[in-house]
Amino acid sequence: DAGVIQSPRHEVTEMGQEVTLRCKPISGHDYLFWYRQTMMRGLELLIYFNNNVPIDDSGMPEDRFSAKMPNASFSTLKIQPSEPRDSAVYFCASSSTAAKPLLYEQYFGPGTRLTVT
Amino acid sequence: DAKTTQPPSMDCAEGRAANLPCNHSTISGNEYVYWYRQIHSQGPQYIIHGLKNNETNEMASLIITEDRKSSTLILPHATLRDTAVYYCIVTFGYGNKLVFGAGTILRVKS
């Protein structure tokens, strides 16, 4: 299996620009998660989806951040406008409840390293 | 907030067992203990989980105390590739939210 795919792997942009991060979960997985990792704050959950529906977005830092999941095989995390403090590694993860109800192993992608100058 | 306490760092000699402790004194009866690790510049990787009983898989063993207030992750024969940050996480099995704390930096040395 290909695993969770994220693109781009690296993104450098200027403050004020729109940034879109993409994620393809593992086929058949019904949960998708977006995390952000910085040295200061560690690994934080931003939002997660179940069957393409956002379940908990309490970790989304502010209105500049938005996430969508138009279908089971694709999700985006958008930052508009971007700011230097958004610089971080953004991870996407997916999991499945089909095989192991109540027990969840999350599979993480390689991450997107975002630098906002 | 993370519900676990882990030492910030540990060293282990290559080929020896690495024993990583975790305290979770406020764990409730139906919360699971999960362990993940993150090798530098990669996404976190699931290792093992347990509820009450000790568990073993191809990567590691998980020992949970009888009162469930602490646990130990055991890597039986640590290699240099096991150098990583190890996260102990407590969560409801159906909750899906993983709250990552600071973890333990394990350095395996030759």
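Everything that follows concerns the structure shown earlier in this document.
My aim in this report is to walk through the structure given alongside it, one point at a time. (Residues numbered from 1 in each chain as written. Chains lettered and ligands numbered in written order. Predicted model: local features only at pLDDT ≥ 70, side-chain atom pairs only at ≥ 80, totals over all residues. Heavy atoms only, no water.)

## Digging into the overall build of chain B
Reasoning step 1: Along its length, chain B carries 0 helices and 9 strands.
Reasoning step 2: Going from N to C terminus, chain B has its helices and strands arranged as β-β-β-β-β-β-β-β-β.
Reasoning step 3: Computed over C-alpha atoms, the radius of gyration of chain B comes to 13 Å, within 12% of the 13 Å expected from 2.2 N^0.38 for 110 residues, which places it in the range of a compact globule.
Reasoning step 4: Principal axes of the C-alpha set define a box for chain B whose edges measure 40 × 30 × 25 Å.
Reasoning step 5: In chain B, buried positions account for 45% of the 110 residues.
Reasoning step 6: As displayed, chain B offers around 5,600 Å² of accessible surface, 50% of which is attributable to carbon and sulfur atoms.
Reasoning step 7: Charge separation in chain B, taken as the distance between the mean sites of 10 positive and 9 negative side-chain charges, equals 3 Å. (Helix = DSSP H or I, 4+ residues; strand = E, 2+ residues; numbered from the N terminus. Rg over C-alpha atoms; globule rule 2.2 N^0.38 Å. Buried < 20%, exposed > 50% of the residue type's maximum accessible area, 1.4 Å probe, protein only. Areas by Shrake-Rupley, 256 points an atom, 1.4 Å probe, with all protein chains shown as cover. Lys, Arg positive; Asp, Glu negative; His and termini not counted. Charge placed at Lys NZ, Arg CZ, Asp CG, Glu CD.)

## What about the interface of chain A and chain B?
How big an interface is tends to be reported as the loss of accessible area on association of its parts.
Reasoning step 1: Contact residues are listed per partner, giving 19 residues for chain A and 18 residues for chain B.
Reasoning step 2: Seen at the junction of chain A and chain B, the total is 0 salt bridges.
Reasoning step 3: Linking chain A with chain B are 2 residue pairs in polar contact (both at pLDDT 80 or more).
Reasoning step 4: At 4 residues, the largest contribution of residues to the side of chain A that touches chain B is made by strand β4 (residues 31–38) of chain A.
Reasoning step 5: For the side of chain A that touches chain B, the per-class residue count stands at 12 nonpolar, 5 polar and 2 charged. (Contact = heavy atoms within 4.5 Å. Salt bridge = Lys/Arg side-chain N within 4 Å of Asp/Glu carboxyl O. Polar contact = N/O pair within 3.5 Å; in protein donor to acceptor, adjacent residues only side chain to side chain. Nonpolar A, V, L, I, M, F, W, Y, C, P; charged D, E, K, R; others polar.)

## Some words on the sheet that holds strand β7 (residues 70–75) of chain B
Residue and element names in this part refer to chain B.
Reasoning step 1: The strand order across the open sheet formed by 4 strands is β2-β7-β6-β5, and the pairing between neighbours is antiparallel. Looking at which strands have only one partner, the edges of the open sheet turn out to be β2 (18–23) and β5 (55–56).
Reasoning step 2: In this structure, β5 lies alongside strand β6 (residues 61–64), joined through 2 bridges in antiparallel fashion. Of the residues in β6, the one forming a bridge with T56 is S61. (Pairing = 2+ DSSP bridges.)

## What about the environment of A:A88?
Residue and element names in this part refer to chain A.
Reasoning step 1: Locating A88 in the fold gives a position in strand β9 (residues 88–95).
Reasoning step 2: Separated by 56 residues in the primary sequence, A88 and L32 place their C-alpha atoms 19 Å from one another.
Reasoning step 3: A88 has contacts with R36, Q37, T38, T112, R113 and L114, leaving out every residue within four places of it along the chain.

## A short note on the pairing of strand β3 (residues 19–24) of chain A
All names here are of chain A.
Reasoning step 1: With 3 bridges joining them, strand β1 (residues 5–7) and β3 adopt antiparallel strand pairing. Counterpart to S7 in the pairing with β3 is R22.
Reasoning step 2: Summarising the sheet, β3 and strand β8 (residues 74–79) pair through 5 bridges and their orientation is antiparallel. Bridging across to β8, R22 finds its partner in T76.

## Comments concerning the side chain of B:Q6
Residue and element names in this part refer to chain B.
Reasoning step 1: Structurally, Q6 can be placed in the segment before β1 (9–13).
Reasoning step 2: A polar contact of 3.0 Å, which involves the side chain of Q6, links it to the backbone oxygen of Y86.
Reasoning step 3: At 2.9 Å, the side chain of Q6 forms a polar contact with the backbone nitrogen of C88.
Reasoning step 4: Non-local contacts of Q6, meaning those with residues more than four positions away in its chain, are made with P21, C22, W35, Y86, Y87, C88, G103 and T104.

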